[in-house]
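Chain by chain, the residues run as shown.
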Amino acid sequence: MNFALIGAAGYIAPRHMQAIKEMGHALVAAYDINDSVGIIDSISTECAFFTEFESFMEHAWWLRRQRGRGIDYWVVCSPNHLHSAHITAGLYLGCDVICEKPLVSTPAQLDELRSIEQETGHRVYSIMQLRHHPAIHELRDKVMHEQRNGRYEVELTYVTVRGPWYLASWKGDPRKSFGVMAEIGIHFFDMLHVIFGGLESQALHYHDEHKAAGYLEYEKARVRWFLSIDAEDLPERASGQSSTFRSIACDGEEFEFSSGFNDLHTVSYREILAGRGFGIEAVRHCLETVHGLSLDTPALPREGEAHPRLS
Ligand code: AKG
């Protein structure tokens, strides 16, 4: 099948290129405003490339008119605030769309995309690779099969270090990335919902450009959470070996998923192409959680609700 990719010079594009290659498909067109895209040769030396969106679209329409050469999948890895515009362009072009997280920033935009899906007959899928992580499957299965009274006590610590480039890029601009909770936290808000059910209450205790923390109460769990991209927040046992520490302690039993995270794009692609991708309704819950938290003003934690890193 033919793939086109928006955001070819970005941080995450190489994982999409690798997934397309490993699945045996062709990258036929790519676009980025930045021209540092030599990485494209790792997948194809014949892929058309554009630095202007209009020229890229013209080429995509032209491909569509060539019998058998149209684009099947439209991949969106652009800055988050452009996702909905780029997804819309792909759907109207007659493609199914694979988009990086967060799919969009508001529930209203999700409704808009659902209407466009209905109108065009094409689908959009979000990359939520943490759902494919074996440690998360293990915890999900444990919670699913265990009979218990009362909620699990959960402590979630999610540190994934990013250097100064992060804040200098669009990711550091909350108007473009929607902040660290949307850009990085979205993964674990999604995971918590998949494992522990519906969200019943939320509190935000801290939020700045590097980190956030709070308390969430799900049907099956009370969750104290802490998120950071600051190296200072790496625990002793992680520093030196790794720039990530992703851990969820459930009633004191720890499930660590610091490693293995970066290899899950190909799994995500395999699932999407097999008809098991995560569409609009699958990501609605986590987008609503992030949207709700982004409207909150941080407040002091109540008794028993603070993550230990906050004290
Ligand atoms: C990103 O940087 O876009 C991610 O989704 C990475 C999240 C992580 O490192 O845990």
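Values in this document were obtained by computation on a predicted structure and should not be read as measured data.

*Asks:* How do you make sense of the domain arrangement of the chain when you look at a structure like this?
*Replies:* Frequently, the measure chosen for interface size is the accessible area that the parts lose on association. Considered domain by domain, the chain is made up of domain 1 (2-126) and domain 2 (130-310). One C-alpha centre belongs to domain 1, the other to domain 2, and the line joining them spans 27 Å. Counting residues at the interface gives 34 residues for domain 1 and 29 residues for domain 2. Counting the surface domain 1 buries against domain 2, the share from its top three residues, Tyr11, Arg15 and Lys101, is 19%. Scanning the region where domain 1 abuts domain 2 turns up three salt bridges. A salt bridge links Asp111 to Arg284; the shortest N-O distance between them is 2.9 Å.

*Asks:* Would you explain the site of the ligand in this entry?
*Replies:* Near the ligand you find Tyr11, Lys101, Tyr158, Thr160, Arg162, Lys171, Glu183, Ile184, His187, Arg246 and Phe261, and these make up its full shell. Within the side chain of Lys101, one N or O atom sits 2.7 Å away from an oxygen atom of the ligand. Thr160 is positioned with one of its side-chain polar atoms (N or O) 2.7 Å from an oxygen atom of the ligand. Relative to its unbound accessible area of 290 Å², the ligand is 96% covered by the protein chains. In terms of residue count, the dominant contributor to the shell around the ligand is helix α8 (residues 180-196) (three residues).

*Asks:* I tried to follow the pairing of strand β12 (residues 253-256) on my own but got confused; where do I start?
*Replies:* Along any regular strand the residues' side chains alternate between the sheet's two faces. Of the strand pairs in this sheet, strand β11 (residues 244-250) and β12 are connected by four bridges, and their pairing is antiparallel. From the neighbouring strand, Ser247 faces β12, where its bridge partner is Glu256.

*Asks:* In this structure, what is going on with the packing of aromatic side chains? I would like to understand it.
*Replies:* For any pair of aromatic rings, the description consists of the separation of the ring centres together with the inter-plane angle of the planes. Going through the model one piece at a time under the given rule, you end up with 15 aromatic pairs. Taking the centre distance of 4.6 Å and the plane angle of 45° together, the rings of Phe188 and Phe189 count as tilted. Phe189 matches Phe188 in its accessibility class, with the two residues each being buried. Considering the side-chain rings of Phe189 and Trp225, the 5.2 Å spacing of their centres and the 85° angle between planes classify their relative orientation as edge-to-face. Of this pair, Phe189 sits in helix α8 while Trp225 sits in strand β10 (residues 221-228), and the two are 36 residues apart along the sequence. One exposure class covers both Phe189 and Trp225, and it is buried. Between Arg131 and the ring centre of Phe278, over which it is positioned, the NZ or CZ distance is 4.3 Å.

Cut-offs and rules
- Residues numbered from 1 in each chain as written.
- Predicted model: local features only at pLDDT ≥ 70, side-chain atom pairs only at ≥ 80, totals over all residues.
- Heavy atoms only, no water.
- Domains from an automatic or database assignment.
- Contact = heavy atoms within 4.5 Å.
- Buried area = accessible area lost by both parts, 1.4 Å probe.
- Salt bridge = Lys/Arg side-chain N within 4 Å of Asp/Glu carboxyl O.
- Near = heavy atom within 4 Å.
- Polar contact = N/O pair within 3.5 Å; in protein donor to acceptor, adjacent residues only side chain to side chain.
- Areas by Shrake-Rupley, 256 points an atom, 1.4 Å probe, with all protein chains shown as cover.
- Helix = DSSP H or I, 4+ residues; strand = E, 2+ residues; numbered from the N terminus.
- Pairing = 2+ DSSP bridges.
- Phe/Tyr/Trp six-rings, centres within 6.5 Å; stacked < 30°, edge-to-face > 60°.
- Buried < 20%, exposed > 50% of the residue type's maximum accessible area, 1.4 Å probe, protein only.
- Lys NZ or Arg CZ within 6 Å of the ring centre and 35° of its normal.

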